[in-house]
Amino acid sequence: AAAFSSSSATTLLHRSLLRAFCEAARLIEAPADLNRLHANWALKNSFSIASLLQAHARHGDCEKARMLLQELQCEGIRVSKRDFIGILKSCATPKSLAIGKLCHTQLFENGMDLDVVVGTALVGMYGRCGSIYDARRMFDKMRRRNVVSWNVMIAIYALRGQGEEAFKLSQRMQEEGVSPNNITFVNILNGLTGKDSLVLGKLVHAHAFDRGIEPDIFVRTALLTMYTKCGSLQDAQRVFDKNLERDVVSWTAMIAGYARSGRGQEAFKLLQQMQESGLKPNKVTFINILDTGAGPDALALGKLVHAQISDLGIELDIVVRTALLNMYCKCGSILDAERMFDKMRERDVVSWTA
């Protein structure tokens, strides 16, 4: 094999350093180091600029991103479709919305914005950055939409608690000849909460059954969670009983449903059945079961759960400890709460205010 030239080796080293700085999220801490790296001509290419833009997007530094894009144009460097998609995926908070819009402008000028993959990435970027209006406007502009495009827009509505809009969009999806898949149904169900959404939830359930998607474990878990959030434990239990492939997530969802309804004893029985089936509960399972209410019965149950948490060695987790602290406070056991607080090595705002 041919050996690397010294310039190739230097370029590779610089790129590796650049990626290391970006991935370690040291963009703000070491700007001088990055500036020195980027000053070398060997770095000024699609890869290096895309890496820096992704790092700036994560930090929401719009001005530096704008300067980099200007530099790209001045030097005639074209960022590839793949790199732009990577940058858009890094835009995940409202503070990075401006960077996402800068990329959108570049994609529009290069005639790439209507590509189905790029268009879907733009819709997702706007959704993650909190702009449903821009996400829907981009979605409606797309000349071609595949099932992924529809699922992304449906998920955006669902994550904002707009389950009815998500369902309406799924109907339009079918009218345009695109068949929903299991992810479509999971996304819609995730957006349905509260008693007012129960009727719509049952309608979605009926559609999933008609399409033969109901047996899918992810759909069943989403159905189970939807019914518990809509206040229908009876329907949730029916779905759970029909589910022969139960994993930790489905068991935890059912346990959480009983716990949220203040039915701690039933939640604890389910926890025991879960363990008897050979599955090990995780910290999310325990956090949910600890949220069962207040009073002497809840305290006795909480102490049983605490003993199991200690046996499994997850008591040191700060989230679990905060859940235990909250449980003892709600149940009026100040001594146990203080003991738990004193044992915590690291304390966050939640534990201090519990």
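In this text the structure is predicted, and so the values were computed from the model without any measurement. Position labels on residues start from 1 in each chain and follow its written sequence. Per-residue local features are limited, in this predicted model, to residues with pLDDT of at least 70; the limit for side-chain atom pairs, both in listing and counting, is 80 or more; totals at the level of whole chains, interfaces and linings are taken over all residues. With hydrogens and water set aside, each side-chain value is computed from the structure's full complement of heavy atoms.

Here a pair means two rings of Phe, Tyr or Trp (six-membered ring of Trp) with centres within 6.5 Å. Their orientation is stacked below 30 degrees between planes, edge-to-face above 60, and tilted elsewhere. Counting across every chain of the model gives 2 aromatic pairs. Ring centres 5.0 Å apart and planes at 80° place the aromatic pair Phe139 and Trp150 in the edge-to-face group. Here Phe139 is found in helix H8 (residues 132–141), whereas its partner Trp150 is found in helix H9 (residues 147–159), with 11 residues between them in sequence. For every residue, the accessible area obtained with a 1.4 Å probe (protein chains only) is divided by the maximum for its type, and the residue is called buried under 20%, exposed over 50%, and partly exposed between those limits. A residue is classified by how much of its surface remains accessible, and Trp150, at 0% relative accessible area, is buried. For the ring pair Phe240 and Trp251, a centre distance of 5.0 Å and an interplane angle of 80° mean the geometry is edge-to-face. By definition, any uninterrupted DSSP run of H or I lasting at least four residues is a helix, any uninterrupted run of E lasting at least two residues is a strand, and each is numbered from the N terminus.

Before going further, it helps to spend a moment on the pattern of salt bridges. Between Lys or Arg on one side and Asp or Glu on the other, a salt bridge is scored when a side-chain nitrogen of the former is within 4 Å of a carboxyl oxygen of the latter. Taken as a whole and assessed by the stated rule, the structure comprises 17 salt bridges. Glu165 is the salt-bridge partner of Lys168, the closest N and O atoms lying 4.0 Å from each other. Taken together, the positions of Lys168 and Glu165, both in helix H10 (residues 163–175) and 3 residues apart, correspond to about one turn of that helix. Lys202 is the partner of Asp235 in a salt bridge, and the nearest nitrogen-oxygen pair spans 3.3 Å. Of the two residues, Asp235 sits in helix H14 (residues 233–242) while Lys202 sits in helix H12 (residues 198–210), which places them 33 residues apart along the sequence. Judged by its relative accessible area of 10%, Asp235 falls in the buried class. With relative accessibility at 38%, the residue Lys202 sits in the partly exposed group. One network of salt bridges, in which partners are shared, links Arg136, Asp140, Arg145, Arg172 and Glu176.

When you line up the elements, Ser179 lands in the loop between H10 and helix H11 (182–190). Sequence separation between Ser179 and Trp150 is 29 residues; the distance between their C-alpha atoms is 10.0 Å. When residues no more than four places from it in sequence are discounted, the contact partners of Ser179 are Val147, Met173 and Arg211. Any pair of residues with heavy atoms lying within 4.5 Å of one another is described as a contacting pair.

Every helix has an expected span of 1.5 Å times one less than the residues it contains. In this model, helix H19 (residues 318–330) (13 residues) spans 18 Å end to end at C-alpha, consistent with the 18 Å of a helix rising 1.5 Å per residue. Of all the residues in H19, the buried ones are Val320, Arg321, Thr322, Ala323, Leu324, Leu325, Met327 and Tyr328. Phi for Gly332, located one or two positions after H19, is positive at around 80°.

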